[in-house]
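Per-entry structural report
Listed here are the chains, written in short residue letters.
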Amino acid sequence: MNITLAEQSKINSVDFENLPFGSVFTDHMLVCDFKEGAWQKPMIQPYQPFMIDPSAKVFHYGQAIFEGMKAYKDANGAVWMFRPEENWKRFNHSAERLAMPEVPEHIFMDGLKTLLTIDKNWVKAGNGNSLYIRPFMIAIGSGVIANPSTQYRFMIILSPAKSYYAGEVKVIIAQHYSRAANGGIGAAKAAGNYAGQFYPTKLAHEKGFQQVIWTDDATHTKLEEAGTMNVFFRIGDTLITAPTSERILDGVTRKSILTLAEHLGIATEVRSITVKELIEAHQNNQLKEIFGAGTAAVINPISGFSYDDVYYELPKLESSTALQLKQKLTDIQYKKSEDPFHWTVKVCD
């Protein structure tokens with residue numbers, strides 16, 4: 001691995017108490033190109049723009065994938081990652097679906113650990129503080145013929161972060177727009193999936209809602225994801241979430257919550273849940289909680305939802321399963337409690 005360090009760090013110019021999510025980046029980044037059928041030598045270099053041909057296929061045919069991960073600092077100053085192997089596996093699943101080359105484990109994992117070690121001072125201790133990790137890959141081969149590229153660039157950039165969302169959110173259930181369809185790329189973390197969400201989310205904002213709960217493309221009756229997160233519903237004392245599929249992303253936080261809930265004795269069900277069932281549960285006072293789950297937000301409570309222009313407020317709870325699970329999960333991530341699942345991976349002291 002070739003390493004070129006920045007001449008001077010910009011860390012002292014950053015206000016770590018006021019960090020708009022994903023807008024400030026650390027001193028270094030990892031770059032590794034794929035060409036002539038093989039991955040080249042990875043490089044760590046100062047964070048900087050780079051030049052790319054205007055005919056690069058990423059611009060014209062959308063071959064672009066990414067991951068979202070976090071690094072945490074414990075009370076002793078050690079830096080940890082949370083289940084990074086799951087992100088690497090999902091990254092390559094996305095690559096396969098978009099006809100892109102898989103990234104070898106040594107490039108992804110060893111490169112990430114080296115990068116984090118170099119920029120470890122950017123990982124701040126304390127609840128809510130983390131270093132957001134964005135691995136991504138784009139097609140850089142030139143030419144506007146509609147076929148897969150032969151050249152790609154894999155990169156990792158790092159961004160210091162605080163909590164992604166503040167407070168509870170109101171959502172609207174989609175009745176026309178879909179996040180993904182059977183046979184499509186919904187299960188891949190492809191850039192185009194997110195571009196397609198922007199317009200219906202903009203319409204939701206105009207109506208006073210922060211996010212959309214997506215429904216299945218065929219009938220718009222099955223509840224699938226919330227915004228950019230997996231979504232959970234607590235009906236009675238049972239947590240319910242939709243099964244992963246070609247339409248639903250296999251979220252790392254999602255699967256961690258399911259495992260943690262079962263460990264804590266909380267009943268869980270992985271099954272389809274319909275809008276009709278949700279409304280009936282609300283009418284019967286059985287719908288206790290809805291929350292989104294994802295890397296950026298970890299867990300974010302939803303205060304109410306709208307369907308057919310009717311707004312359904314959720315109860316205010318003294319004891320929230322969402323917040324209980326968030327506390328337990330973040331305690332593991334920050335090494336404040338035992339990790340019985342061996343999810344955390346030490347990067348450096």
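In case you missed it, the structure is sitting above this.
It should be emphasised that the depicted structure is a prediction, and the values quoted were computed from it without experimental measurement. (Residues numbered from 1 in each chain as written. Predicted model: local features only at pLDDT ≥ 70, side-chain atom pairs only at ≥ 80, totals over all residues. Heavy atoms only, no water.)

As for the overall build of the protein chain
Selection criterion: A run of H or I in DSSP becomes a helix once it reaches four residues, and a run of E becomes a strand once it reaches two; helices and strands are each numbered from the N terminus. Computation of the radius of gyration draws on C-alpha atoms alone. For the globule rule, the value is 2.2 Å times the number of residues to the power 0.38. For every residue, the accessible area (1.4 Å probe, protein chains only) is compared with the maximum for its type, and the residue is labelled buried under 20%, exposed over 50%, or partly exposed between those bounds. Contact between two residues is taken to exist if any of their heavy atoms lie within 4.5 Å; hydrogens are not considered. Just so you know, the count uses Lys and Arg for positive and Asp and Glu for negative, and it drops His and the chain ends. Every charge is mapped to an atom, namely NZ of Lys, CZ of Arg, CG of Asp or CD of Glu.
Within the protein chain one finds 7 helices and 19 strands. What you see for the protein chain is a C-alpha radius of gyration of 21 Å, in line with the 20 Å of a compact globule of 349 residues. With the principal axes as the frame, the protein chain shows a C-alpha extent of 60 × 55 × 35 Å. Expressed as a percentage of the 349 residues in the protein chain, the buried residues total 53%. For the protein chain, contacts bridging at least 24 residues in sequence account for 72% of all contacts bridging at least 6. A distance of 2 Å separates the average location of the 35 positive side-chain charges in the protein chain from that of its 38 negative side-chain charges.

Description of the packing of helix α5 (residues 252-263) against helix α7 (residues 321-333)
The criterion, for reference: Under this scheme, a helix contributes an axis fitted over its contacting stretch, all axes are lines through C-alpha atoms, and angles between N-to-C directions fall in the 0 to 180 degree range. Here is the rule for angles: anything less than 35 degrees is roughly parallel, anything more than 145 is roughly antiparallel, 65 through 115 is roughly perpendicular, and the remaining ranges are oblique. Classification used: nonpolar for Ala, Val, Leu, Ile, Met, Phe, Trp, Tyr, Cys and Pro, charged for Asp, Glu, Lys and Arg, polar for all others including Gly.
Two numbers describe how α5 lies on α7: the axes approach to 11 Å, and their chain directions differ by 105°. On the basis of their axis angle, the class for α5 and α7 is roughly perpendicular. Contacts between α5 and α7 pair Thr253, Ser256, Ile257, Leu260 and Ala261 from the former with Leu325, Lys328, Leu329 and Ile332 from the latter. By residue class, the composition of the contact of α5 with α7 is 6 nonpolar, 2 polar and 1 charged.

Quick notes on a nonpolar patch on the surface
Using the following cut-off: Note that patches include only residues with greater than 30% relative accessible area and no salt bridge, and the join distances are 9 Å for like charges and 5 Å for nonpolar side chains (Val, Leu, Ile, Met, Phe, Trp, Tyr). Every accessible area reported is derived by Shrake-Rupley at a probe size of 1.4 Å, with residue values counting cover from the shown protein chains alone. Think of a salt bridge as a Lys or Arg side-chain nitrogen and an Asp or Glu carboxyl oxygen that are within 4 Å of each other.
Residues Met1, Ile3 and Leu5 make up a contiguous nonpolar surface patch of about 270 Å² in total accessible area. As for its placement among the helices and strands, leucine 5 is situated in the loop between β1 (2-3) and β2 (28-35). With relative accessibility at 52%, the residue leucine 5 sits in the exposed group.

A look at the side chain of asparagine 193
Along the chain, asparagine 193 turns up in helix α4 (residues 191-206). Residues within four places of asparagine 193 in sequence aside, it is in contact with Arg179, Ile185, Gly186 and Ala188.

Here's the deal with the packing of helix α2 (residues 84-97) against helix α3 (residues 105-118)
For the record, the criterion: Definitions for this section: a left-handed crossing has its near helix turned counterclockwise from the far helix by less than a right angle. A right-handed crossing has that turn clockwise.
Relative to each other, α2 and α3 sit at 140°, their axes nearing to 11 Å. With respect to each other, α2 and α3 are oriented oblique. In the crossing of α2 with α3, the sense of the turn from one axis to the other is right-handed. On α3, the residues that touch Pro84, Glu85, Asn87, Trp88 and Phe91 of α2 are Glu105, Phe108 and Met109. Class assignment of the residues belonging to the contact of α2 with α3 gives a composition of 5 nonpolar, 1 polar and 2 charged.

Some thoughts on the nonpolar core
Here is the rule we go by: Each nonpolar core is a collection of buried residues, namely Ala, Val, Leu, Ile, Met, Phe, Trp, Tyr and Cys, held together in the definition by side-chain atoms within 4.5 Å.
Counting residues in each nonpolar core, the largest one holds 40 residues, and the members touching the most others are Phe108, Leu116, Ile133, Met137 and Phe154. Elements with a minimum of two residues in this core: β2, β6 (69-73), β7 (79-82), α2, α3, β8 (130-139), β9 (152-161) and β19 (344-348). Per-element tally for this core: the top contributor is α3, with 6 residues. Aside from chain neighbours lying at most four places away, what touches leucine 116 is Ala71, Met81, Leu131, Ile133, Leu158 and Val347.

With respect to the environment of glycine 183
For glycine 183, the position within the fold is in the loop between β10 (169-173) and α4. Glycine 183 sits 62 residues away from serine 245 along the chain, and the two C-alpha atoms are 9.8 Å apart. Those residues in contact with glycine 183 that lie beyond four places of it in its chain are Arg97 and Glu246.

As for the pattern of salt bridges
Taken as a whole and assessed by the stated rule, the structure comprises 13 salt bridges. Between glutamate 206 and lysine 202 there is a salt bridge; the shortest N-O distance is 2.9 Å. One end of the pair, glutamate 206, and the other, lysine 202, are both in helix α4, 4 residues apart, so they sit about a helical turn from each other. Overall, glutamate 206 belongs to the exposed group, its relative accessible area being 56%. Measuring nitrogen to oxygen at the nearest pair gives 2.5 Å for the salt bridge that ties glutamate 269 to arginine 271. By relative accessible area, which is 26% here, arginine 271 ends up partly exposed.

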